[in-house]
Amino acid sequence: MKALTEGRYRGRDGIWAVFELGWNTELRVGILEQDIGRVVMKRDGGYRLDRGWSIAPNGLEPAYEGRTRDSTEGFACPDASVTEQDGTVVLSAEGLSAVITLAPFGIAWHRDGESRPFLQDRQTQAYFVSRKTGALQHVMARDEHDRHYGVGDKAGPLDHTGRRFKIDAVDPCGFDAELSDPLYKMIPFLLVDGPAGAHGVFYDNLAIGEMDLGCTIDNYHGLFRSYSAQDGDLDFYVIAGPSVPDVVRRFSWLTGGQAFAPKWSLGFATTSMTIADAPDADARITDFIEKCRYHRIPCDSFHFGSGYTSIGHRRYAFNWNRDKFPDPAGTMRRLKEAGMQPVTNLKPCLLDDHPRLDEAMKQGILVTDGATAQPAVAQFWDGLGFHVDFTNPDGRAWWRNGIQSALLDYGVVTVWNDNNEYEIWDEDAICNGDGRPFPQVLARPAQPLLMTKLSYEAQAADAPGKRPYAITRGGAAGLWRYAQTWSGDNETAWKTLRFNLTQGLTMSLSGMFNIGHDVGGFHGPSPNPELFCRFVEFCALWPRMVMNSWKDNGVVNLPWMHESVTPQVRDVIKLRYRLMPYLYTQMWRASRENEPVVRPLFYDFPEDRSALNIQDSFMLGPDILVAPVLEEGASDRQVYLPDHPGGWFDFHDGRHFDGGQTINVPAPLGRLPVFVRCGAMIPVTRQIDKIDPRADTQRELIVFGAPRDRAHADLYEDDGDTSDWRGDSRLEFHFQLRRNGKDLVLSHDTIGSYRPAFDTVSVRTVAIEGQLRIETPEGAIKVAQGAPAFQG
């Protein structure tokens, strides 16, 4: 590749400062917001791909055709000035400035009032392009104390410093949660935290790439990190921070935010390939419903593995196997009567003997081999096949019709978009591009993104007024605008618990807030009672809790698979339901405020240096610390409690612990260590057998200790799936707790007109000295003093 080391300033073009870098390459620098800058490169007078699908500032949804790369729509684009002096050009706006050195060419980004740049290009050769291919590279200086987070669904420790990751997507069934790379998603977003504060860099490039975070050491260049891509455009967004939460929230805002899924999707759910693959699949589902009742296991949805589409041992999208399911609509009805919403797996590849393949080929709706003008061939599960092209409007119409006629019309509620990594390795594969074709290598992950968008919109149209719930395994940045996702086909192993935890935190810091893990492990040996119970505990308080498995021996992960721990499994699942008002409120905050639900301890306790290194526990929202048992044979565990005024309380028994220390707590099977920070107010329910807002008649607010000065908490309520969740069809409680001498005063206000099934919020206290006085306005919902949460 050619190093672009000499720049010439050509002047302004709107918000852009424009530079010529030689080899017919132009680079533009602009400031989009007070805390967001952008750099975009044009080669040979244009772009390799003139559009993208990830950028959606403040929810400005891009069309299926994509967002034009030159667009600045949705951004404030503040007034910026340009000054030139001594071989530098300074582009400056309120909050942010870029200092561009012409030789050697490089950019240093500064926040207002800071002389030290928070991000700086490597001073020795920062920009590279290939004259022979579409390859490119961007190299930045790094500080030896920088920590690196993000990059999507990546395995291994939370801090990626010293690692090299491939930006690619495959189907790594049974992956090693510590070492495997790549996994399912292509998200070249990097979050850096260090002596200069935190910042983020997002590369809006959908080609295969690589992120080197200090793995490469080169004596000639000092410490550096780099992003490279095999093709596409250098187009990156700089998020100024200065804190980790600032960067995470702003990246979510930049890419459209998290979809607010219906409340039932937060309930426990089950799926298994084995159930839908069985010749008596329908009877097995009936048996599952009956066993949930017998064992008193709450379950709010059943997810059909792709076996419902089988002919022989192969799978065919939109086909119902009528031997297994003689009456699909009746099966869906039976599940709904049992309180379980039906969800069906759907894959975008049509096998080479698919009953509707000829139809799809005649309509020209498949990704094409440009060299032969025939559909591009790909290896899939059961043989060779061809992928539907979601950049083709006819392909989208065909697929949407299939969703409606083969699934939604039968009573299916949700589409689970699976195996959508688009592993078409044909270098000549061409996407329709809505009439403007482009090589698939430029935008593979756009296909699962658009597939998920389509399923989301199909469900919204089928059930107007209700919030859709989509799921996807693959995709690009922005997939969260439509869907929940998860860590993928994990291995049943103790090691998986530890590294699924850091993988989940990595995903959360990368913009994915509605996430979880396959409970019990998808692949590998069947879990023994201890590992199974610990898996359930580990997964119990992530937003997604779906028990999913495929085992060579045919044994299915089910809550009652080990009689010896079934009571413990039941108790842990019911803990999830007990905390459902809190979890639902955090999901609402994720969608409204771009706030991750699950996050590392340092997210909420940045001043506690010890919290930086904690990778065996996580925060659920701002108030609850979850410390799952990760070691075989353990009956207790050590937990680090961050430094916090007033310390922490054990959620189970109210015991108090000072913060800033490591404690040892008992953790027998079935007891997930959960702690609440002092001053927190946690909403809970007694509806622990299902999610049904119409019958949820009790709401409690547990006050854990007294804040040093004041504290606040939110409680969000609605009917569970209204699309008007930002409007009058919701009810927001905003609680304020403040000191008044030795006593405490609790007040609140409400927004919205929704009327829940409960008429009173009962306030229960833990370790409160003095009196608690409740000041409540007149209204339909009362807030009243209840009994202490723990006696004695």
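Predicted model, so just to flag it, every value in this text is computed and none were measured.

Caption draft 1: Broad picture of the overall build of the protein. Each helix and strand in the protein was counted, giving 12 helices and 56 strands. Its C-alpha radius of gyration of 27 Å places the protein within 12% of the 28 Å reference for a compact globule of 792 residues. Projected onto the principal axes, the alpha-carbon positions of the protein cover approximately 75 × 70 × 50 Å. Across the 792 residues that make up the protein, the buried fraction comes to 64%.

Caption draft 2: Examining the sheet that holds strand β34 (residues 429-431) more closely. Taking strand neighbours across the sheet as the criterion, the 4 strands line up as β30-β29-β34-β35 in an open arrangement whose pairing is antiparallel. A strand with exactly one partner marks an edge of an open sheet, and here the two such strands are β30 (374-375) and β35 (438-439). Note that strand β29 (residues 368-369) and β34 share 2 bridges and pair antiparallel. By the bridge assignment, Thr-368 is partnered in β34 with Ile-430.

Caption draft 3: Main features of the pairing of strand β54 (residues 760-766). Of all 7 residues making up β54, 5 are buried, and the element is well covered by its neighbours. When β54 meets strand β56 (residues 782-785), the two strands line up parallel, connected through 4 bridges. Note that in β56 the partner of Val-761 across the bridge is Val-783.

Caption draft 4: Fine view of the pattern of salt bridges. Under the counting rule described, the total for this entry stands at 69 salt bridges. Of the charged contacts, one joins Asp-650 and Arg-655 as a salt bridge, the two residues approaching to 3.9 Å between their closest N and O atoms. On the accessibility criterion, Asp-650 (3% relative accessible area) is buried. Among the ionic contacts, a cluster of salt bridges with common partners joins Asp-246, Arg-249, Arg-589, Arg-592, Glu-593, Glu-595, Arg-599, Asp-604, Arg-730 and Glu-732.

Caption draft 5: Fine view of the domain arrangement of the protein. Partitioning the protein into structural domains gives domain 1 (2-151 + 188-255) and domain 2 (680-785). Each of domain 1 and domain 2 was reduced to a C-alpha centroid, and the two centroids are 44 Å apart.

Caption draft 6: Representation of the packing of aromatic side chains in the model. Per the stated rule, a full pass over the model turns up 41 aromatic pairs. Seen in terms of ring centroids, Phe-260 and Trp-725 are 5.0 Å apart; in terms of plane orientation they differ by 70 degrees. Their pairing is edge-to-face. Taken together, the positions of Phe-260 in the loop between α1 (244-254) and β23 (269-272) and Trp-725 in the loop between β51 (710-717) and β52 (731-740) put the pair 465 residues apart, joining distant regions of the chain. Judged by its relative accessible area of 5%, Phe-260 falls in the buried class. Note on Trp-725: relative accessible area 8%, which makes it buried.

Caption draft 7: The pairing of strand β53 (residues 743-751), seen in detail. Bridging between β52 and β53 involves 9 bridges; their strand directions are antiparallel. Its bridge partner lying in β53, Glu-732 is registered against Ile-751. Counting the residues between successive antiparallel strands, the hairpin from β52 to β53 contains 2 residues, one of them, Gly-741, with a positive phi of roughly 70 degrees. Strand direction decides the pairing type here: β53 and strand β55 (residues 772-775), joined by 4 bridges, are parallel. Within the sheet, the bridge partner assigned to Leu-746 lies in β55 and is Ile-774.

Quick notes on the rules
Residues numbered from 1 in each chain as written. Predicted model: local features only at pLDDT ≥ 70, side-chain atom pairs only at ≥ 80, totals over all residues. Heavy atoms only, no water. Helix = DSSP H or I, 4+ residues; strand = E, 2+ residues; numbered from the N terminus. Rg over C-alpha atoms; globule rule 2.2 N^0.38 Å. Buried < 20%, exposed > 50% of the residue type's maximum accessible area, 1.4 Å probe, protein only. Pairing = 2+ DSSP bridges. Salt bridge = Lys/Arg side-chain N within 4 Å of Asp/Glu carboxyl O. Domains from an automatic or database assignment. Phe/Tyr/Trp six-rings, centres within 6.5 Å; stacked < 30°, edge-to-face > 60°.

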